[in-house]
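What follows is each chain in one-letter form.
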Amino acid sequence: QVQLVQSGAEVKKPGASVKVSCEASGYTFRSYAIHWVRQAPGQRLEWMGWINTDNGNTKYSQRFQGRVTITRDTTASTAYLDLSSLRSEDTAVYYCARDEGLTALDYWGQGTLVTVSS
Amino acid sequence: DIQMSQSPSSLSASVGDRVTITCRASQSISSYLHWYQQKPGKPPKLLIYPASSFHSGVPSRFSGSGSGTDFTLTINSLQPEDFATYYCQQGYNAPYTFGQGTKVEIK
């Protein structure tokens, strides 16, 4: 069965960087793009960016331009989200999700809580 | 960016009720509109995409309609497991923005 398993919770200080992983199983990794979406406490879902897992092409939300990098390791069927220059407003649960096509996100990781606090 | 707005933001309903949630885009998104259900502490689940097709395993009491800028999600005969927050998302142009959510609570 399709599964996306994310790395564990992180606590970071302002100005630091965080890297969250998303390991896929149960399907051909390179056949589906991976998106990253975050959700701050009590807030709506916020799309951050996506990666074409086949050729590595990426697209990011302008809100995070310059701070976010999405990469993938096809040999490990894993996608990664790097977010730098963290601030308190980046405290959120970060999700990876598979794009079934048409940018509908059909399978999601369990979420990774990133807390930014001094 | 395309802005997505949902109404209502919350509603109270009883088991067996019919519930309708609307989602409006700030510009035409054709049929690139997806609906998700989220329960507390869990990731969202895809229900309907694009606009009116079911994701596998989604009960037939859920239905979606609309195109252009106005869309609806209808839940016929609300069940106890349907109490959750529902989000729409446009898949037309990046950034693929979400609505603010509609929380369906038990009356």
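Structure shown above.
So, how was this worked out
Residues numbered from 1 in each chain as written. Chains lettered and ligands numbered in written order. Predicted model: local features only at pLDDT ≥ 70, side-chain atom pairs only at ≥ 80, totals over all residues. Heavy atoms only, no water. Helix = DSSP H or I, 4+ residues; strand = E, 2+ residues; numbered from the N terminus. Rg over C-alpha atoms; globule rule 2.2 N^0.38 Å. Buried < 20%, exposed > 50% of the residue type's maximum accessible area, 1.4 Å probe, protein only. Pairing = 2+ DSSP bridges. Axes fitted to C-alpha atoms, helices over the stretch in contact; angles between N-to-C directions. Contact = heavy atoms within 4.5 Å. Buried area = accessible area lost by both parts, 1.4 Å probe. Salt bridge = Lys/Arg side-chain N within 4 Å of Asp/Glu carboxyl O. Polar contact = N/O pair within 3.5 Å; in protein donor to acceptor, adjacent residues only side chain to side chain. Nonpolar A, V, L, I, M, F, W, Y, C, P; charged D, E, K, R; others polar. Phe/Tyr/Trp six-rings, centres within 6.5 Å; stacked < 30°, edge-to-face > 60°. Lys NZ or Arg CZ within 6 Å of the ring centre and 35° of its normal. Disulfide = S-S within 2.5 Å.

1. Remarks on the overall build of chain B
So, step 1. When helices and strands are counted, chain B shows zero helices and nine strands.
So, step 2. Secondary structure elements in chain B, listed N-terminal to C-terminal, are β-β-β-β-β-β-β-β-β.
So, step 3. Taken against the 2.2 N^0.38 rule, which gives 13 Å for 107 residues, the C-alpha radius of gyration of chain B at 13 Å falls within 12% of a compact globule.
So, step 4. Seen through its C-alpha atoms, chain B measures out along the principal axes to roughly 35 × 25 × 25 Å.
So, step 5. Put simply, chain B has 107 residues, and 48% of those count as buried.

2. Digging into the sheet that holds strand β3 (residues 19-25) of chain B
Residue and element names in this part refer to chain B.
So, step 1. With respect to topology, four strands assemble into an open sheet ordered β1-β3-β7-β6, the strand pairing being antiparallel. Sheet topology places β1 (4-7) and β6 (62-67) at the edges, where each strand pairs with a single neighbour. Within the sheet, the average angular offset between the axes of one strand and its neighbour, ignoring direction, is 15°.

3. As for the interface of chain A and chain B
So, step 1. The interface is formed by 21 residues belonging to chain A together with 21 residues belonging to chain B.
So, step 2. Both faces considered, chain A and chain B share a buried interface measuring about 1800 Å² in area, 64% of it formed by carbon and sulfur atoms.
So, step 3. There are zero salt bridges connecting chain A and chain B.
So, step 4. Connecting chain A to chain B are ten residue pairs in polar contact (both at pLDDT 80 or more).
So, step 5. Secondary-structure elements contributing two or more residues to the side of chain A that touches chain B are β4 (34-39), β5 (45-51), β9 (92-101) and β10 (104-108) of chain A.
So, step 6. Among the residues forming the side of chain A that touches chain B, the class breakdown is nine nonpolar, seven polar and five charged.

4. Concerning the sheet that holds strand β9 (residues 102-106) of chain B
Residues and elements named next belong to chain B.
So, step 1. Strands sit in the order β2-β9-β8-β4-β5 across an open sheet of five strands; the sheet is mixed. The strands lining the two open edges of the sheet, one partner per strand, are β2 (10-13) and β5 (45-48). If you compare each strand with its neighbour and ignore which way they point, the axes differ by 30° on average.
So, step 2. As defined by bridge partners, β2 adjoins β9 across four bridges and the pair is classed as parallel. Across the sheet, Ser 10 pairs through a bridge with Lys 103, a residue of β9.

5. Some details on the side chain of B:Thr102
Residues and elements named next belong to chain B.
So, step 1. One can find Thr 102 in strand β9.
So, step 2. The class for Thr 102 is buried, based on a relative accessible area of 0%.
So, step 3. Reaching out from Thr 102, the side chain makes a polar contact with the backbone oxygen of Pro 8 at a distance of 2.6 Å.
So, step 4. Discounting residues that sit within four places of it in the chain, Thr 102 has contacts with Gln 6, Ser 7, Pro 8, Ser 9, Leu 11, Ile 21, Ala 84, Thr 85 and Tyr 86.

6. Some remarks on the packing of aromatic side chains
So, step 1. Enumeration according to the criterion identifies seven aromatic pairs over all chains in this entry.
So, step 2. Ring geometry for B:Phe62 against B:Tyr86: centres 6.3 Å apart, planes inclined by 40°, an arrangement best described as tilted. Separated by 24 residues along the polypeptide, B:Phe62 in strand β6 and B:Tyr86 in strand β8 (residues 85-90) bring together distant segments of the chain.
So, step 3. Judged by relative accessible area, B:Phe62 falls into the buried class, the value being 2%.
So, step 4. Among the aromatic residues, those joined into a ring-pair cluster are A:Tyr95, A:Trp108, B:Tyr36 and B:Phe98.
So, step 5. When the ring centre of A:Tyr27 is taken as reference, the NZ or CZ atom of A:Arg98 above it lies at 4.7 Å.
So, step 6. The ring of A:Tyr32 carries A:Arg98 above its face, with NZ or CZ at 3.8 Å from the centroid.

7. Examining the state of the cysteines
All names here are of chain A.
So, step 1. Here the structure, examined in full by the defined rule, presents two disulfides over all chains.
So, step 2. Here Cys 22 engages in a disulfide with Cys 96; their sulfurs sit 2.0 Å apart. Classification of the bridge connecting Cys 22 and Cys 96 rests on its S-S torsion, roughly 75°, and on that basis the disulfide is right-handed. Taken together, the positions of Cys 22 in strand β3 (residues 18-25) and Cys 96 in strand β9 put the pair 74 residues apart, joining distant regions of the chain.
So, step 3. Accessibility expressed as a relative area gives 1% for Cys 22, which makes it buried.
So, step 4. The class for Cys 96 is buried, based on a relative accessible area of 0%.

By themselves, these are just geometric observations and shouldn't be taken as functional.
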